[in-house]
Amino acid sequence: MINLVFYTDSTLKAEPYTTPEIIATNTGNNLDTVNRLIRNKKSSLERFGFLEFEIRKLNGRGRPRKIYRLNEQQATLLITFLDNTPQVELFKVALVKQFYEMRDELNKRNLNRAMEKPIKRTLTDAIRDWKYTNKHAYSNINRLLVKAATGLSIQELKKSRGDAPTALDLLTSEEQERYKGLENKVIAYINADFDYSLIKALLTGGKIQIVKEMEG
């Protein structure tokens, strides 16, 4: 599926948006025509919020230029100013659907992050009182949880999804749910005085091997 909608950043204040390039490409219009329409209708569009933009190269090529970021209301209004062709109608339906899905995803992520905070304090307390704690214990456990929940290291996440205040802000809602479940397991393992190597084995599929070694 083609991405029609993006979000501004990886924080709890992230907002979904689309661009003139997306609109032009999917409605059969020239990009310059769409940008000119935005400038001509700026006062109408700004009734639905400030007209955000960024300065960057289009598709990484050419000279830097102004790239508008249109929110859902602005994008929907702009489309009404275009010729009402079958292609435009299909695009409008697809765009509205993706705006809804993106906002729903962001809401789920924000809810998961809010719900996760009390657990985070519990994990912090568990690590603080852990028999094997050290100055690197929290960061090691956090990296382990992120890797187990996403299959990616924190560095790989930031490279593919952008930077954020914490790695958890880069997780999808599904990955956040997986992270929370694993986090609860780790808290139990720490409370049982399992060392890091055993916890890592249990989270990464080494449970049977480790158990056999312990039994031997």
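For the structure itself, look to the data block above.
Residues numbered from 1 in each chain as written. Predicted model: local features only at pLDDT ≥ 70, side-chain atom pairs only at ≥ 80, totals over all residues. Heavy atoms only, no water.

Trainee: Please clarify how the overall build of the protein chain should be interpreted in this entry.
Mentor: Looking only at helices and strands, the protein chain features ten helices and four strands. In the protein chain, the succession of α and β elements from N to C terminus is β-β-α-α-α-β-β-α-α-α-α-α-α-α. For the protein chain, the C-alpha radius of gyration of 23 Å lies well beyond 17 Å, the compact-globule estimate for 216 residues. Projected onto its principal axes, the C-alpha coordinates of the protein chain cover approximately 75 × 30 × 30 Å. Each of the 216 residues in the protein chain was classed as buried or not, and the buried ones make up 38%. Total accessible area computed for the protein chain in this model is approximately 13000 Å², and 52% of it derives from carbon and sulfur atoms. (Helix = DSSP H or I, 4+ residues; strand = E, 2+ residues; numbered from the N terminus. Rg over C-alpha atoms; globule rule 2.2 N^0.38 Å. Buried < 20%, exposed > 50% of the residue type's maximum accessible area, 1.4 Å probe, protein only. Areas by Shrake-Rupley, 256 points an atom, 1.4 Å probe, with all protein chains shown as cover.)

Trainee: Hey, could you run me through unusual backbone geometry in this one?
Mentor: Most peptide bonds take the trans form, and the phi angle of most residues other than glycine is negative. Here the phi dihedral of D193 falls at roughly 65°; this positive angle occurs in a residue that is not glycine. Tracing the sequence through the fold places D193 in the loop between α8 (173–191) and α9 (196–203).

Trainee: Explain a positive patch on the surface to me, please; I cannot follow it from the model alone.
Mentor: Taken together, the side chains of R36, R39, K42 and K66 present a region of like positive charge at the surface. Along the chain, R39 falls in helix α2 (residues 31–40). (Patch = residues over 30% accessible without salt bridge, like charges linked within 9 Å, V, L, I, M, F, W, Y side chains within 5 Å. Salt bridge = Lys/Arg side-chain N within 4 Å of Asp/Glu carboxyl O. Lys, Arg positive; Asp, Glu negative; His and termini not counted. Charge placed at Lys NZ, Arg CZ, Asp CG, Glu CD.)

Trainee: Explain helix α1 (residues 20–27) here, please?
Mentor: Each α-helix turn comprises 3.6 residues. Residues three or four places apart therefore point the same way. In terms of burial, α1 is largely enclosed, as six of its eight residues are buried. Listed in full, the buried residues belonging to α1 are P20, I22, I23, A24, N26 and T27. Backbone geometry just downstream of α1 places G28 in the positive-phi region, at approximately 75°.

Trainee: Looking at this model, I keep getting lost on the nonpolar core. Mind explaining?
Mentor: One recurring pattern in soluble globular proteins: nonpolar side chains tend to sit buried together. Of all hydrophobic cores here, the largest spans 28 residues; its most connected members are L123, L145, V186, I190, I199 and L203. Secondary structure elements with two or more residues in this core: α5 (86–128), α6 (137–150), α7 (154–161), α8 and α9. Sequence-distant contacts of V186, that is, excluding residues within four places in its chain, are made with L123, I141, L145, I199 and L203. The next biggest cluster of nonpolar side chains, apart from the first, holds 24 residues, and it includes I22, L31, L70 and F91. (Core = buried A, V, L, I, M, F, W, Y, C linked by side-chain atoms within 4.5 Å. Contact = heavy atoms within 4.5 Å.)

Trainee: Looking at this structure, I do not really get the packing of α6 against α9. What am I missing?
Mentor: Packed helices, taken two at a time, are described by the angle between their axes plus the distance between the axes. With their axes 10 Å apart at the nearest point, α6 and α9 run at an angle of 10° to one another. The orientation of α6 relative to α9 falls into the category roughly parallel. Where α6 approaches α9, its residues N140, I141, L144, L145 and A148 are matched on the opposing element by Y196, I199, K200 and L203. Grouping the amino acids of the contact of α6 with α9 by side-chain chemistry returns seven nonpolar, one polar and one charged. (Axes fitted to C-alpha atoms, helices over the stretch in contact; angles between N-to-C directions. Parallel < 35°, antiparallel > 145°, perpendicular 65-115°, else oblique. Nonpolar A, V, L, I, M, F, W, Y, C, P; charged D, E, K, R; others polar.)

Trainee: Would you mind showing me how to read a nonpolar patch on the surface here?
Mentor: On the surface, a nonpolar cluster with roughly 330 Å² of combined accessible area is contributed by F50, F53 and I55. In this fold, I55 is placed in strand β3 (residues 52–58).

Interpretation note: all reported values are geometric properties and have no functional meaning in isolation.
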